[in-house]
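# Coordinates in review
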Amino acid sequence: MLLYHALNALGIDFEYKIVNLLAKEHLKPEFLKINPLHTVPALDDNGFYLSDSHAINSYLVSKYGKNDSLYPKELKKRAIVDQRLHYDSSVITSTGTAITGQVLWQNNSAIPQAKIDALEGVYKSLDLFLESGDYLAGDSLTIADFHVTAALTGLVTFLAVDATKYPRLAAWIKRIKELPYYEEANGSRAAQIIEFIKSKNFTIV
């Protein structure tokens, strides 16, 4: 999902390969050749290997974009996009992992309220970001929106976005879902993730 939005927005022909982590396919020699750190996603662009979704999307847009709207070249605009990307990779990721890690991998379905409060703090920050425009880095769609969309996909199952408290964030989510490639990039996969999370019967304590 992290790369699907950018790839579809760019109109790139690509081959998508699923790496079965439970079967430890990410530890096989053929995958380690692409990414010795054995993490997903990873990119093979005609023999050029790259890992980390943020780096991959930046590379793809810089190389294949018809213009620079998704990742602006103008220094100040790019700095804002980069700031949003760093917020995603640090704050949103750590907040989300604190919740999903215990539920999905540690089989501990009792989520402390403090972790949910931290997630609400993320929603508050994102709502503040959206004061500057319809998208997270201003008036134009960028790769920052793609990354946060993917990050929130499962997290909204633990805490729904309250439109009365975070109206800009709720409107942004609706706006993103109206993208022509959203359903292919995120929709069906999001449904699978949400159902898997719900199957854990988590509680907030």
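In this text, all values refer to a predicted model and were calculated from it rather than measured experimentally.

## A short note on the packing of aromatic side chains
Scanning the model with the defined rule gives 5 aromatic pairs in all. Geometrically, the ring pair formed by Phe158 and Phe202 is tilted, given 4.7 Å between the ring centres and 50° between the ring planes. You can see Phe158 sitting in helix α6 (residues 143–158) and its partner Phe202 sitting in the loop between α8 (182–198) and β4 (203–204), a full 44 residues away along the chain. In this structure Phe202 comes out as partly exposed when scored by relative accessible area, which is 21%.

## Concerning the pattern of salt bridges
Evaluated as defined, the whole model comprises 5 salt bridges. For the salt bridge of Glu120 with Lys165, the shortest nitrogen-to-oxygen distance reads 2.3 Å. Highlighted residues: Glu120 in helix α5 (residues 113–129) and Lys165 in the loop between α6 and α7 (167–177), separated in sequence by 45 residues. Lys165 sits in the partly exposed class, given a relative accessible area of 45%. When the shortest N-O distance is used, the salt bridge between Asp127 and Arg168 registers 3.0 Å. Residue Asp127 is found in helix α5, and its partner Arg168 is found in helix α7; the two are separated by 41 residues along the sequence. Exposure remark for Asp127: the relative accessible area of 6% places this residue in the buried category.

## Considering the pairing of strand β2 (residues 48–51)
The pairing of strand β1 (residues 42–45) with β2 spans 4 bridges and is antiparallel. Bridge pairing links Asp45 to Phe48 in β2. Counting the residues between successive antiparallel strands, the hairpin from β1 to β2 contains 2 residues, one of them, Asn46, with a positive phi of roughly 55°.

## So, α5
Along its 17 residues, α5 runs 25 Å from first to last C-alpha, staying within 8% of the 24 Å computed at 1.5 Å per residue. Within the span of α5, buried status applies to Ile116, Leu119, Val122, Tyr123, Leu126, Asp127 and Phe129. Here the buried residues of α5 occupy an arc of 155° about the axis, which is enough to place them on one side. Across from the buried face of α5, at angles greater than 90 degrees, the exposed residues are Ala114 and Lys124.

## Side note on the layout of surface pockets
Considering only enclosed or pocket space, the second largest pocket measures out at about 280 Å³ in volume. Together, 15 residues line the second largest pocket, and Thr153, Val156, Ile173, Lys177 and Tyr182 are the ones closest to its centre. Contributions of two or more residues to the lining of the second largest pocket are made by α6, α7 and α8. The element best represented in the lining of the second largest pocket is α8, accounting for 6 residues. Of the residues that constitute the lining of the second largest pocket, the class distribution is 9 nonpolar, 4 polar and 2 charged.

## Quick notes on the domain arrangement of the chain
As assigned here, the chain comprises domain 1 (3–64) and domain 2 (75–204). A C-alpha centroid distance of 22 Å is found between domain 1 and domain 2. On the side of domain 2, 15 residues touch domain 1, which itself brings 12 residues to the contact. When domain 1 packs against domain 2, close to 1200 Å² is buried across both sides, 67% of that on carbon and sulfur atoms. Counting across the interface, domain 1 meets domain 2 through 0 salt bridges. On the surface where domain 1 and domain 2 come into contact, there are 2 residue pairs in polar contact (both at pLDDT 80 or more). When contributions to the side of domain 1 that touches domain 2 are tallied by element, the ones reaching two or more residues are α1 (4–10) and α3 (53–64). Per element, the largest residue contribution to the side of domain 1 that touches domain 2 is 6 residues, and it comes from α3. Of the residues that constitute the side of domain 1 that touches domain 2, the class distribution is 5 nonpolar, 7 polar and no charged.

Thresholds, definitions, all that
Here the residue index of a chain counts from 1 through its sequence in written order. Totals for whole chains, interfaces and linings use every residue, but because this is a predicted model, local features are given only for residues with pLDDT of at least 70 and side-chain atom pairs only at 80 or more, for both listing and counting. Excluded from the side-chain calculations are hydrogens and water; all other atoms, namely the structure's heavy atoms, are used. For Phe, Tyr and Trp, rings pair up if their centres lie within 6.5 Å, where Trp contributes its six-membered ring, and each pair is then called stacked (planes under 30 degrees apart), edge-to-face (over 60) or tilted (otherwise). Counting from the N terminus, the helices are DSSP H or I runs at least four residues long and the strands are E runs at least two residues long. Exposure categories follow from relative accessible area, calculated using a 1.4 Å probe and restricted to protein chains: below 20% of the type maximum is buried, above 50% is exposed, and the middle band is partly exposed. We define a salt bridge as a contact between a side-chain nitrogen of Lys or Arg and a carboxyl oxygen of Asp or Glu at a distance within 4 Å. DSSP-based pairing: two strands are paired if at least 2 bridges between them are found. Between the first and last residue of a helix there are one fewer steps than residues, each counted as 1.5 Å, and that sum is the expected span. Taken from the helix axis, the directions to the C-beta atoms give the arc we talk about. A 1.4 Å probe that fits but cannot get out identifies a cavity on a 1 Å grid over protein atoms alone, an open set with protein on both sides within 12 Å along at least five of seven lines counts as a pocket, and a residue lines either if it has an atom within 4 Å of a point. Grid points are joined across faces, edges and corners, and a volume is the space filled by probe spheres set on the points. Put simply, Ala, Val, Leu, Ile, Met, Phe, Trp, Tyr, Cys and Pro go in the nonpolar bin, Asp, Glu, Lys and Arg in the charged bin, and everything else, Gly too, in the polar bin. The source of the domain bounds is an automatic or database domain assignment. By definition, residues are in contact when any of their heavy atoms lie within 4.5 Å. Summed over both partners, the accessible area lost on bringing two parts together, with a 1.4 Å probe, is the buried area. Residues adjacent in sequence count toward polar contacts only when both atoms are side-chain atoms; beyond that, a polar contact is any pair of N or O atoms within 3.5 Å, and within protein one must be able to donate a hydrogen and the other to accept it.

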